[in-house]
Amino acid sequence: MFLWGTATASYQIEGAVADDGRGLSIWDTFAHEPGKVKDGHTGDMACDHYHRWSEDVMLMAALGVNSYRFSISWPRILPAGRGEVNQAGLDFYDRLVDGLCAQGIVPAATLFHWDLPQALEDEGGWLARDTASRLADYAGVVAARLADRVPIWITLNEPFVHMVFGYALGTHAPGRMLFLDALPVAHHQLLGHGLAAQALRAHGAERVLVTNNLTPVRPASSSADDLRAADAYDILHNRLFNDPVLLGRYPDLSAFGVDAMPAVRDGDLAVIAQPLDGLGVNYYNPTRIRAPGEPTGLPFDDAGITGYPTTAFGWPVVPDGLRELLTGLKARYGDALPPVYVTENGCSQPDTPGPDGVIDDQDRIAFLDAHIQAVGAAMSEGVDVRGYYVWSLLDNFEWAEGYTQRFGLVHVDFPTQTRTPKASYHWFKNRITSSSTP
Ligand code: NCW
């Protein structure tokens, strides 16, 4: 059965940050620091999904999806990041999973979608090797409770984006600006993936995935300098997180002046590279890269993509980039590529309700239609794609952009928490009922 779903993440939708013994996450801390998030927004209330989850499950049931990708809030389960388990936190996900199963919706749970317990950040966060073991402990705790009903587990969401925005540039929590010194964050997340995968399997998880944010890289010209720059960016964005998991080795980082990946110990790559049941792929847009005009400390420069429409975020809309990405993965990894799940794809649009209250998001419909066709094209070119999840079910807390970027199939009026399905919700329902595959 091809999985059609929607995706969300805990800090972006749950709210209820002080309910039932939840501990603090790095995003609670970061969002409350003045100037970090647009308009001073925080996830304190978000979509209040913690209290409204059953309404949200019914929205999915009426949408007709057969799967739902959500993330578990680590500090709800282990408020101090380690040690004592908060049963009330587990009970929440237990109720959610039962609610999904009752509607025939297959749960797909992400362990880490960026909301690290603050207590672990205080011990070094992902710069500390120990955090990898803590992820594995947490994986064991949640799988022991939920793996009897949750068949699909995703260890990490977009470890590249978490490393770059959280630890290299500081625009996301925990707000560190370490530039290339953030590289150990990549290794420790990947090690955490491998250890967590073992713990999940030991507790009966059926399918274990990791989700990477991937982008097809297009050189700005065919000059040798631009080709070299594009290759360097491809290594950093795509291969740094795919190669260790799929091939058991790090790519050559010499373009970055790095002789060997830091923080790696004997045996780590074997843990990281154990067989996967699927690769989760989040696709938003391709990247056009040129050689830097003047020295920047990096071997590439973003040339920007022109000639395409853009989303409210300013991201170019290039549906064929998804076909290019998927077929490129197959060409690069061959038999080492497990089945692929498109675990996120979608767009932010202004989505202002009309005078009649209708949210007529035709641009999102065109976006989804074209991207689903691109998945179909990749499948007919031989890529084994098993699922497609729209980001997102609901408008939600879009990290540093606060509530200003709306990605939902369902509009949320945040002051009243009123949910209104957009035109794209009705379109997606028709699309997935009219054909069982892309
Ligand atoms: S910001 C981002 N997102 C959005 C977010 O809501 C979701 O939680 C994420 O999984 C929508 O999907 C992901 N992704 C960052 C994409 C930009 C990466 C560019 C990095 C260049 C250095």
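This is a predicted model, so every value here is computed, not measured. The residue numbers shown here count from 1 along each chain, following its written sequence. A pLDDT threshold of at least 70 governs which residues receive local features in this predicted model, and a stricter bar of 80 or more applies before side-chain atom pairs are shown or counted, although totals over entire chains, interfaces and linings include all residues. Think of the side-chain values as coming from all heavy atoms in the structure, minus any hydrogens and water.

1. Some words on the packing of helix α7 (residues 130-146) against helix α9 (residues 183-202)
Okay, step 1: To obtain each axis, a line is fitted to C-alpha atoms, and for helices this fit is confined to the stretch in contact; angles are then taken between N-to-C directions over 0 to 180 degrees. Under the scheme used here, helices are H or I runs from DSSP no shorter than 4 residues and strands are E runs no shorter than 2 residues, and both carry numbers assigned from the N terminus. At a minimum axis separation of 8 Å, α7 and α9 run at an interaxial angle of 30°. Accordingly, the angle class assigned to the pair α7 and α9 is roughly parallel. Here the hand of the crossing between α7 and α9 comes out right-handed. Note on element contacts: α9 touches α7 through His188, Leu191, Gly192, His193, Leu195, Ala196, Ala199 and Leu200, opposite Ala132, Ser133, Leu135, Ala136, Ala139, Gly140 and Ala143.
Okay, step 2: Class assignment for the residues of the contact of α7 with α9 results in 10 nonpolar, five polar and no charged. Oblique is the label for every angle not falling under 35 degrees (roughly parallel), over 145 degrees (roughly antiparallel), or within 65 to 115 degrees (roughly perpendicular). In a left-handed crossing the near helix is turned counterclockwise from the far helix by less than a right angle, and in a right-handed crossing that turn is clockwise. The contact criterion used is simple: two residues touch if any of their non-hydrogen atoms lie within 4.5 Å. Each residue is assigned to one of three groups, with Ala, Val, Leu, Ile, Met, Phe, Trp, Tyr, Cys and Pro labelled nonpolar, Asp, Glu, Lys and Arg labelled charged, and all others, Gly among them, labelled polar.

2. Re the pattern of salt bridges
Okay, step 1: A carboxyl oxygen of Asp or Glu within 4 Å of a side-chain nitrogen of Lys or Arg is what we treat as a salt bridge. What the rule picks out here adds up to 32 salt bridges.
Okay, step 2: Its salt-bridge partner being Arg145, residue Asp91 comes within 2.7 Å of it at the nearest N-O pair. Pair noted here: Asp91 is in helix α5 (residues 87-102) and Arg145 is in helix α7, with a separation of 54 residues, a long-range link.
Okay, step 3: The buried label applies to any residue whose accessible area, calculated with a 1.4 Å probe on protein chains only, is under 20% of its type's maximum; exposed applies above 50%, and partly exposed to all values in between. Of the residues examined, Asp91 reaches a relative accessible area of 29% and is grouped as partly exposed.
Okay, step 4: According to the relative accessible area criterion, Arg145 is partly exposed, its value standing at 25%.
Okay, step 5: With a shortest N-O distance of 2.5 Å, Arg332 and Asp234 are connected by a salt bridge. Taken together, the residues span a long stretch of sequence, with Arg332 in helix α12 (residues 320-333) and Asp234 in helix α10 (residues 224-247) at a distance of 98 residues.
Okay, step 6: Sharing partners across several salt bridges, the network here consists of Asp91, Asp94, Asp98, Arg145, Asp148 and Arg149.

3. Describing the UniProt feature "binding site: substrate" (unreviewed entry) in the protein chain
Okay, step 1: Following the UniProt record, the feature "binding site: substrate" (unreviewed entry) maps to Gln12, His113, Asn157, Tyr284, Trp391, Glu398 and Trp399 here.
Okay, step 2: Within the secondary structure, His113 is located in the loop between β3 (106-112) and α6 (118-121).
Okay, step 3: If we ignore the near neighbours within four places in the chain, the residues touching His113 are Thr8, Ala9, Gln12, Arg69, Ser71, Asn157, Glu344, Trp391 and Trp399.
Okay, step 4: Here Tyr284 lies in the loop between β7 (278-282) and β8 (287-290).
Okay, step 5: Residues in contact with Tyr284, not counting those within four places in the same chain, are Glu158, Asn213, Trp315, Pro316, Glu344, Asn345, Gly346, Trp391 and Phe407.
Okay, step 6: Whenever a nitrogen or oxygen atom comes within 3.5 Å of another N or O atom, the pair is scored as a polar contact, on the condition that within protein one atom can donate a hydrogen and the other can accept it, and that pairs from neighbouring residues in sequence are kept only if both atoms are in side chains. At 2.7 Å, the side chain of Tyr284 forms a polar contact with the side chain of Glu344. UniProt positions are given in the numbering used here, feature names are shortened, and annotations may be inferred rather than shown by experiment.

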